[in-house]
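This is what each chain is made of:
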Amino acid sequence: TAFTPQILSPIFQKSSVTRYGASHNRLAPPLRPYRKPRGSRALSMQTEKPWVCTTPLYYANGPPHMGSAYPTIAADILSRYQKLQGKQVTFITGSDEHGEKIATTAADNAKPPQEFVDGIVGEFKGLWAKMDIEYDSFVRTTDETHAAIVREFFQRVWDKGDIYKKDYEGRYCVGCEAYLGDDEMDTIDGVEHACKIHRKPAELRREENYFFRLSKYQSALENLFRDQPQFVQPNYRFNEVKKWVEAGVPDFSISRSTISWGIPVPNDPDQVIYVWFDALLGYISALIQDGQEPTLDNAIANGWPCNVHIIGKDILRFHAVYWPAMLMSADMALPELIYSHGFLTKDGLKMGKSLGNVLEPDVLLQQHGSDAVRYYFSKGLDFGGDGDFSEERFSNVLNADLANDLGNMLNRCLKPLQKHNGELLPSYATPADHPLRLLAAECSAKSAVAYAALDFRGAGEAALELTRSGNKYIDDMAPWTLFKEGKIAEGTAVLMTILEAARIVAVMLSPMVPQVSGKVYQQLGFDPSIYARLQWSDTTWRDLPAGQPLPEPEGIFKRIEAPVDEAADAAKKLAAEKAKAAKANPAAAEVADILRVDMRVGQIVSAEMHPDAESLYVEMIDVGEAVPRQVVSGLAKYMSLASLIGKKVVVLCNLKPAKMRGVESTGMVLAAGTDVVELLEPPPGALVGERIKVEGGADPTPDEMLKSKSAQKVWDRVAEKLSTDSSLCGTYDGVPLVTSAGPCTVASLKGSPIK
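Here's a quick rundown of the structure. In every chain, residue numbers begin from 1 and rise along the written sequence. Since the coordinates come from a predicted model, pLDDT governs what is reported: local features require at least 70, and pairs of side-chain atoms require 80 or more to be given and counted, while whole-chain, interface and lining totals use all residues. Excluded from the side-chain calculations are hydrogens and water; all other atoms, namely the structure's heavy atoms, are used.

1. Things to note about the overall build of the protein
Phase 1 of the analysis: Only DSSP runs of H or I reaching four residues or more are called helices, and only runs of E reaching two or more are called strands; each is numbered from the N terminus. Scanning the protein from N- to C-terminus turns up 23 helices and 32 strands.
Phase 2 of the analysis: Exposure classes here rest on a 1.4 Å probe applied to the protein chains alone. A residue is buried below 20% of its type maximum, exposed above 50%, and partly exposed in between. When the 755 residues of the protein are sorted by exposure, 55% land in the buried category.
Phase 3 of the analysis: Throughout, a residue-residue contact means that at least one pair of heavy atoms, one from each residue, lies within 4.5 Å. Contacts in the protein between residues at least 24 apart in sequence constitute 75% of all its contacts with a sequence separation of at least 6.
Phase 4 of the analysis: Accessible surface is estimated by sampling points in the Shrake-Rupley manner with a 1.4 Å probe; for residues, cover comes only from the protein chains shown. Surface accessibility of the protein: about 31,900 Å² in total, with carbon and sulfur atoms responsible for 52%.

Quick look at the structure:
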């Protein structure tokens, strides 16, 4: 039966157990004392609301990885930018330490849950220090401060009549720590009711729990997404959440009776508060300062609501649907913005221990340093969408931007300046209408707009625009020639102008690469205390101070030597040989084209509507690799989602990945027709992953990737000769396309182009 207290009683704790685990963990967590956040956050009078940014509270069931570092880097960069703008910033991160997964993992490691999470939290804090992450508050959900906030919030929602108790049966995903709806499960690898995110079967469970009346806030949520189109970003994520809401929002469970590693429900110690109803409140409890009473009013006074939550797309529903309704129930303001980023992949594949391709942040940091990692995972990717890491691209981006563009601009100026002017900066005033000076103002304005919109690539590109213009200016003006001609003042003017531009670039890039930017300032003779007090207004052109001593010039960023990839080298050599042979024998070129294309038998394991395009589907297709490929297709106009599940299709696998309305596609499904469209289908006995060939022809030797413009023309030439014949077979230049089980066919279209 539901309880009806007027005042919440203290947390009850049990102590009659000696073993921990999913089935034997009937022990409420010992609450930790008031936390001491990193840095000085003493109680003080505030004259304005702080600017507040949060990362997710990371689940403490394992050590941090690059997926957890990705949003933390973004939040740190954004917070540093806001500090440069003179704002009082509270950057919040932390750990979510309750729940079944943690209790089970702790038991597997023969440790009490609290001891286990203490160790994991230490690993997170250690990694953040190595990455130059400067958070202001690290909240832990096992803090007593946090528990007090949870109890008060629970009471508010209870008093609203928005919590009730009932028996419930449903499919529960331990990975998500949540009961799943039908739209969150699918049949994967023949297993029904599998979680789409964790790809494991959700367990059928029945228990008596407390529920939050989410359905009561259906209209309020619809109004929110009607009136605030910027509430969730990027825009395609907003549209995704809006569709969830429009489909109806069911009540959700906020307690568990099968475990006790959590905060007990007041007056009902057999239940613990569900991890999401607990963890989301960490964004509020993190605002309680040292010495303050942990109350919602004090948290509000210290900066709630937050300005931006930065989260992954896998926890978007909890933050964009559940969280706003919870806050409405408690009569608290909503966050201004929820920004959801995509997943990270490595070399185009989802990362996982089973694939042996996990990207370890500690290894990257040890090899390349924090600025290299920060820069690639901000400026090097489109934050918001999915992002890919490859060793080759990592080194190319860092070398081109930091070593070549910025580093060379600085080095080309410092040595000749010292040679012709000594170790002290000469006096020079750049004309107000100088092109580089005018461009610097434009670039800093563009960079500021981009930072504020979490467009880190755009912010970095604005800075590099000034860098590249500076390098072109030195090439055009050739100061070395001016010095040879005895025109010392003219040559000096060129160098001083470029060096001031380099200083401004350092300010613009300082949120991303604080160490590199600090080295630029050091090379220009500034005291470290000057750099420590930077403001965004320092992007204003002001010329370098005359008489300032210059140190011995040295590099600001060491070039990264990409590791030798023997397989890639062999593939390039083979491609070069094919191209040479085709040039020598044009008659054989067409045959070489079809052999270079990687067409495989695929099987669609799941399909859903594109979040931002009604004409597109997003399919996960098994093509015989370790994980299915994500493919975006234009099939929505021609066939239903249900008709695609389990169907075998022909997939082009070696086109360069491309984004279609914000969603990356790593392949193409082949179909015949124009106004009427039918899939090109392998025979039932075809093996998933096998390559499709021309009947009677040689086995394909496909390029690893048709990524260059010249290589992409290979597919264009092949596509021109693909069509169906009178027997409904798919053909290349009139010859059937076959698998080991027979030809690929369509249902009814004869003589239709295939594309």
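2. Quick word on the sheet that holds strand β20 (residues 613-622)
Each strand in a sheet pairs with its neighbour through backbone hydrogen bonds, running either in the same direction (parallel) or in the opposite one (antiparallel).
Phase 1 of the analysis: Pairing between two strands is assigned when DSSP locates at least 2 bridges connecting them. With respect to topology, 5 strands assemble into an open sheet ordered β21-β20-β19-β22-β25, the strand pairing being antiparallel. Of all strands in the sheet, those bounded by a partner on one side alone are β21 (629-633) and β25 (668-669).
Phase 2 of the analysis: Examined bridge by bridge, strand β19 (residues 599-610) and β20 share 7 bridges and lie antiparallel to one another. Its bridge partner lying in β20, methionine 609 is registered against tyrosine 617.

3. Section: the environment of proline 64
Phase 1 of the analysis: With respect to the helices and strands, proline 64 occurs in the loop between β1 (51-59) and α1 (66-84).
Phase 2 of the analysis: Overall, the relative accessible area of 11% leaves proline 64 in the buried class.
Phase 3 of the analysis: Along the backbone, proline 64 and isoleucine 120 are 56 residues apart, and their C-alpha atoms lie at a distance of 8.1 Å.
Phase 4 of the analysis: Those residues within four positions of proline 64 in sequence are excluded, and the remaining contacts are Glu123, Phe124, Leu127 and Pro361.

4. Some details on the pattern of salt bridges
Phase 1 of the analysis: Any carboxyl oxygen of Asp or Glu within 4 Å of a side-chain nitrogen of Lys or Arg constitutes a salt bridge here. A complete count under the given rule lists 38 salt bridges for this structure.
Phase 2 of the analysis: Here arginine 140 and glutamate 97 are joined by a salt bridge, their closest N and O atoms 2.5 Å apart. Linking arginine 140 in strand β3 (residues 137-140) with glutamate 97 in the loop between β2 (89-96) and α2 (100-108), this pair joins segments that are 43 residues apart in sequence.
Phase 3 of the analysis: On the basis of relative accessibility, which here comes to 0%, the residue glutamate 97 falls in the buried class.
Phase 4 of the analysis: For lysine 165, the salt bridge identified is with glutamate 208, shortest N-O distance 3.8 Å. With lysine 165 in strand β4 (residues 163-173) and glutamate 208 in strand β8 (residues 203-212), this residue pair connects regions lying 43 residues apart in the sequence.
Phase 5 of the analysis: Each member of the salt-bridge network shares a partner with another, and the members are Lys379, Asp401, Asp405, Glu461 and Arg468.

5. Side note on the pairing of strand β14 (residues 308-312)
Within a regular strand, the side chains alternate between the two sheet faces.
Phase 1 of the analysis: Of all 5 residues making up β14, 5 are buried, and the element is well covered by its neighbours.
Phase 2 of the analysis: What you see with β14 is no split at all: Val308, Ile310 and Gly312 on one side and His309 and Ile311 on the other are buried throughout.
Phase 3 of the analysis: Where β1 lies against β14, 2 bridges are found, and the strand directions are parallel. Of the residues in β14, the one forming a bridge with threonine 54 is histidine 309.
Phase 4 of the analysis: As judged from the 4 bridges shared by β14 and strand β15 (residues 338-341), these two strands associate in the parallel manner. Within β15, the position partnered with glycine 312 by the bridge is histidine 341.

6. Looking at the packing of aromatic side chains
We describe a pair of aromatic rings using the distance from one ring centre to the other and the angle between the two ring planes.
Phase 1 of the analysis: Note on ring pairs: Phe, Tyr and Trp rings are taken, using the six-membered ring of Trp, and paired if centres are within 6.5 Å. Classes follow the plane angle, with under 30 degrees stacked, over 60 edge-to-face and the rest tilted. Tallied over the full model, the rule gives 31 aromatic pairs.
Phase 2 of the analysis: Put simply, the rings of Phe153, Phe154, Phe212, Tyr217, Phe252, Trp276, Phe277, Phe318 and Tyr322 pair up and form one aromatic cluster.
Phase 3 of the analysis: Any Lys NZ or Arg CZ that is within 6 Å of a ring centre and within 35 degrees of that ring's normal is treated as a charge sitting over the ring. Lysine 313 extends its terminal NZ or CZ atom over the ring of phenylalanine 343, reaching a point 4.6 Å from the ring centre.
Phase 4 of the analysis: One cation-aromatic arrangement involves arginine 317 over tryptophan 244; the distance from NZ or CZ to the ring centre is 4.2 Å.

7. Regarding the packing of helix α13 (residues 391-421) against helix α15 (residues 456-477)
Phase 1 of the analysis: Running from amino to carboxyl end, α13 crosses α15 at an angle of 45°, the nearest separation of the two axes being 10 Å. Here α13 lies oblique to α15, going by the angle between them. Here α13 runs over α15; the crossing is left-handed. Taken together, the residues of α15 that come into contact with α13 (itself represented by Arg393, Asp401, Asn404, Asp405, Leu406, Asn408, Met409, Arg412 and Cys413) are Arg457, Leu464, Thr467, Arg468, Gly470, Asn471, Ile474 and Asp475.
Phase 2 of the analysis: Nonpolar residues are Ala, Val, Leu, Ile, Met, Phe, Trp, Tyr, Cys and Pro. Charged residues are Asp, Glu, Lys and Arg, and all others, Gly as well, are polar. Within the contact of α13 with α15, the residues separate by chemical class into 5 nonpolar, 5 polar and 7 charged. Helix axes use the C-alpha atoms of the stretch in contact, all axes being lines fitted to C-alpha atoms, and the angles between their N-to-C directions lie in the range 0 to 180 degrees. Any angle that is under 35 degrees is reported as roughly parallel, and any over 145 degrees as roughly antiparallel; angles of 65 to 115 degrees are reported as roughly perpendicular and all others as oblique. By convention, the crossing between two helices is left-handed when the near helix turns anticlockwise from the far helix through less than a right angle, and right-handed when the turn is clockwise.

8. Remarks on the environment of isoleucine 273
Phase 1 of the analysis: Here isoleucine 273 is to be found in strand β13 (residues 268-273).
Phase 2 of the analysis: Counting along the chain gives 10 residues from isoleucine 273 to isoleucine 263, while the straight-line C-alpha distance between them is 5.6 Å.
Phase 3 of the analysis: Apart from the residues lying within four places of it in its own chain, the contact partners of isoleucine 273 are Val150, Phe154, Ile254, Ser255, Ile263, Pro264, Val265 and Asp278.

9. Thoughts on the sheet that holds β8
Phase 1 of the analysis: Within the open sheet, the 4 strands sit side by side as β5-β4-β8-β10. Their pairing is antiparallel. Every other strand in the sheet has two partners, leaving β5 (178-179) and β10 (252-253) as the edge strands with one partner each.
Phase 2 of the analysis: Relative to β5, β4 is paired through 2 bridges, and the arrangement is antiparallel. Residue pairing across strands places cysteine 173 opposite alanine 178, the latter belonging to β5.
Phase 3 of the analysis: Seen against the sheet, helix α10 (residues 316-329) touches β5, β8 and β10 and runs at an angle of roughly 30° to β8.

10. Observations regarding the pairing of β21
Phase 1 of the analysis: Where burial is concerned, most of β21 is hidden: 5 out of the 5 residues are buried.
Phase 2 of the analysis: Residues of β21 alternate between two faces, with Arg629, Val631 and Ser633 on one and Gln630 and Val632 on the opposite face, all of them buried.
Phase 3 of the analysis: Across 5 bridges, β20 lies against β21 in antiparallel orientation. Looking across to β21, one finds that glutamate 619 is bridged to valine 631.
Phase 4 of the analysis: Here β20 folds back onto β21 in antiparallel fashion, the turn holding 6 residues, of which glycine 624 has a positive phi close to 85°.

11. Considerations on α10
Phase 1 of the analysis: For α10, which comprises 14 residues, the first-to-last C-alpha distance of 20 Å matches the rise-based estimate of 20 Å (1.5 Å per residue) to within 8%.
Phase 2 of the analysis: A maximum bend of about 30° is found in α10 at tyrosine 322, where proline proline 324 lies one to four positions downstream.
Phase 3 of the analysis: Most of α10 sits inside the fold, with 13 of its 14 residues counted as buried.
Phase 4 of the analysis: Just past α10, the residue aspartate 331 takes up positive phi, approximately 55°. Each helix should span, by expectation, one fewer than its residue count multiplied by 1.5 Å. In this scheme, the bend at a residue equals the angle between the axes fitted to the seven residues that finish there and the seven that begin there.

None of this, on its own, says anything about what the molecule does.
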